[in-house]
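# Survey of secondary and tertiary structure
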Amino acid sequence: MLVSRRNELGQAIQHAVARDELSVHYQPVVDLQDRRILGCESLLPWKAGSLGEILPDEFIPVAEETGLIVPIGNWVVQETCRQIAQWRRNGDPAGLLPVSVNLSNKEFWHGGLLEHLDDTLAAAALEPQALVLEITEGVIMDNAHRAEALLDEMHQRGLPVHIDDFGTGYSSLARLQHLRIDVIKLDRAFVQQVDTRPEARAMAAAIFHVSTAIGATIVAEGVETEAEARTLLDLGYTSAQGYLFARPMPIDTLMGLVRSKGVHVGAKVA
Ligand code: G
Ligand code: MN
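Let me begin by describing the structure that accompanies this report. Everything quoted here is computed from the prediction, not taken from an experiment.

Time to look at the overall build of the chain. Each helix and strand counted, the chain has eleven helices and ten strands in total. Relative to a compact globule of 270 residues, whose C-alpha radius of gyration would be 18 Å, the chain shows 18 Å and is just as compact. When the backbone C-alpha atoms are referred to their principal axes, the chain occupies close to 50 × 40 × 40 Å. Counting across all 270 residues of the chain, residues that qualify as buried make up 49%.

In structure tokens:
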């Protein structure tokens, strides 16, 4: 990224945080067979005035560099917990869904993370299982030994942990066996044209078996076509996420979708 673009984004992020301009969107995870909603993922789309819509892929690295990622991430966790608590108070079926948040590198390794999670869940009167933590494979494998200890602590607290973007972060399969992981999210690099590319199909099949071997559930990310969804079903996948089913959406749209599609309660995926 150009230095000027990075500076511009850095300043815009600072303004957005100061002016309370961020809002959380949600993308459903669905049952591949009947398309009912199993859970959803909290995402942070961001419309930055003159800069237009900025996707997380572009602004998260800048937020990491400026250190703003920690307050932004804390805010996403708080906002998501507040929302789940509100759904439950209103008896909305969305309150039954596990909701995941993405933890970036700096947030995961930040010393205050577990305390912040404990405090935020307690303030919203939520049990730890209500909030799912998504951590990319790259972040975990940066320091697999330390990550193992932290994941153990999360497991002891009952916090579900998902490995995001699986297959892109040079995973050590040897270490993977020792990590407490509830769900593996297959990166969309293997999902794109999985119906027509034999290599993608073979990798999707192999990673499915890896998830079974470590006792994790698997979710396919980035499904965009019916043919991809059908192939994944053939390979044994039961849950997925992607533009074919639903894009990340504002809260009201999600609640409408939950009412029309129905939810499957008790799945471990978000
Ligand atoms: O890294 P992570 O898996 O959390 O990425 C989530 C990002 O992927 C979000 O920005 C979301 O908008 C995007 N996304 C979700 N579904 C799809 C999809 O079907 N296709 C593509 N290209 N991107 C998707
Ligand atoms: Mn994610």
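Summarising burial for strand 6 (residues 131-136): five of the six residues are buried, a large majority. As defined by bridge partners, strand 5 (residues 99-103) adjoins strand 6 across five bridges and the pair is classed as parallel. Following the sheet pairing, Leu103 is matched in strand 6 by Ile135. Across four bridges, the pairing between strand 6 and strand 7 (residues 161-166) is parallel.

Overall, mixed pairing links the eight strands, which are arranged 1-2-5-6-7-8-9-10 in a closed barrel. Sheet strands touched by helix 9 (residues 198-213): strand 7, strand 8 (183-186) and strand 9 (217-220). Its angle to strand 8, the strand with the most contacts, is close to 170°.

It is worth spelling out the site of ligand 1 at this point. Not every one of the 15 residues close to ligand 1 is listed here, only the nearest: Asp164, Asp165, Glu221, Glu224 and Tyr243. Here a nitrogen atom of ligand 1 and a side-chain polar atom of Gln27 are 3.1 Å apart. Within the side chain of Arg188, an N or O atom sits 3.2 Å from an oxygen atom of ligand 1. Across the complex, the protein chains shield 84% of the 520 Å² of accessible surface that ligand 1 would expose by itself. For the shell around ligand 1, the secondary structure elements donating two or more residues are strand 2 (37-43) and strand 7. Across the shell around ligand 1, the residue classes break down as five nonpolar, four polar and six charged.

So, on to the state of the cysteines. Enumeration according to the criterion identifies zero disulfides in this entry. With no disulfide of its own, Cys40 has Cys81 as its nearest cysteine by sulfur position, at a separation of 12 Å. A relative accessible area of 1% means that Cys40 is categorised as buried. By relative accessible area, Cys81 is classed as buried at 1%.

Our focus in this paragraph is the nonpolar core. Core analysis: the largest hydrophobic core is formed by 84 residues, its most contacted members being Met154 and Tyr237. The greatest single-element share of this core, amounting to nine residues, is contributed by helix 3 (residues 69-89). Membership of the second largest hydrophobic core comes to five residues, among which are Val29, Leu38, Val183 and Val219.

With that settled, consider the coordination of the manganese ion (ligand 2). Bound to the manganese ion (ligand 2) are the protein donor atoms Glu41 (OE), Asn102 (OD1), Glu134 (OE) and Asp164 (OD), situated 2.0 to 2.4 Å from the metal. Mapped onto the polypeptide sequence, the residues donating to the manganese ion (ligand 2) form the spacing pattern E-x60-N-x31-E-x29-D. Residue Asn102 is located in strand 5, and its partner Asp164 is located in strand 7; the two are separated by 62 residues in the primary sequence. What makes Asp164 buried here is its relative accessible area of 6%.

The buried fraction of strand 7 is high, at five of six residues. Direction of pairing for strand 7 relative to strand 8: parallel, over a ladder of three bridges. Bridge pairing in strand 8 links Phe166 to Leu186.

For the buried residue Asp164, which engages in no salt bridge, the nearest side chain bearing the opposite charge is Lys185, 4.7 Å off. Setting aside residues up to four positions removed in sequence, Asp164 forms contacts with Glu41, Asn102, Glu134, Ile135, Thr136, Glu137, Lys185 and Glu221.

What counts and what doesn't
Residues numbered from 1 in each chain as written. Chains lettered and ligands numbered in written order. Predicted model: local features only at pLDDT ≥ 70, side-chain atom pairs only at ≥ 80, totals over all residues. Heavy atoms only, no water. Helix = DSSP H or I, 4+ residues; strand = E, 2+ residues; numbered from the N terminus. Rg over C-alpha atoms; globule rule 2.2 N^0.38 Å. Buried < 20%, exposed > 50% of the residue type's maximum accessible area, 1.4 Å probe, protein only. Pairing = 2+ DSSP bridges. Contact = heavy atoms within 4.5 Å. Axes fitted to C-alpha atoms, helices over the stretch in contact; angles between N-to-C directions. Near = heavy atom within 4 Å. Polar contact = N/O pair within 3.5 Å; in protein donor to acceptor, adjacent residues only side chain to side chain. Areas by Shrake-Rupley, 256 points an atom, 1.4 Å probe, with all protein chains shown as cover. Nonpolar A, V, L, I, M, F, W, Y, C, P; charged D, E, K, R; others polar. Disulfide = S-S within 2.5 Å. Core = buried A, V, L, I, M, F, W, Y, C linked by side-chain atoms within 4.5 Å. Donors = N, O, S within 2.8 Å, 3.2 Å for Na, K, Ca; no water. Lys, Arg positive; Asp, Glu negative; His and termini not counted. Salt bridge = Lys/Arg side-chain N within 4 Å of Asp/Glu carboxyl O.

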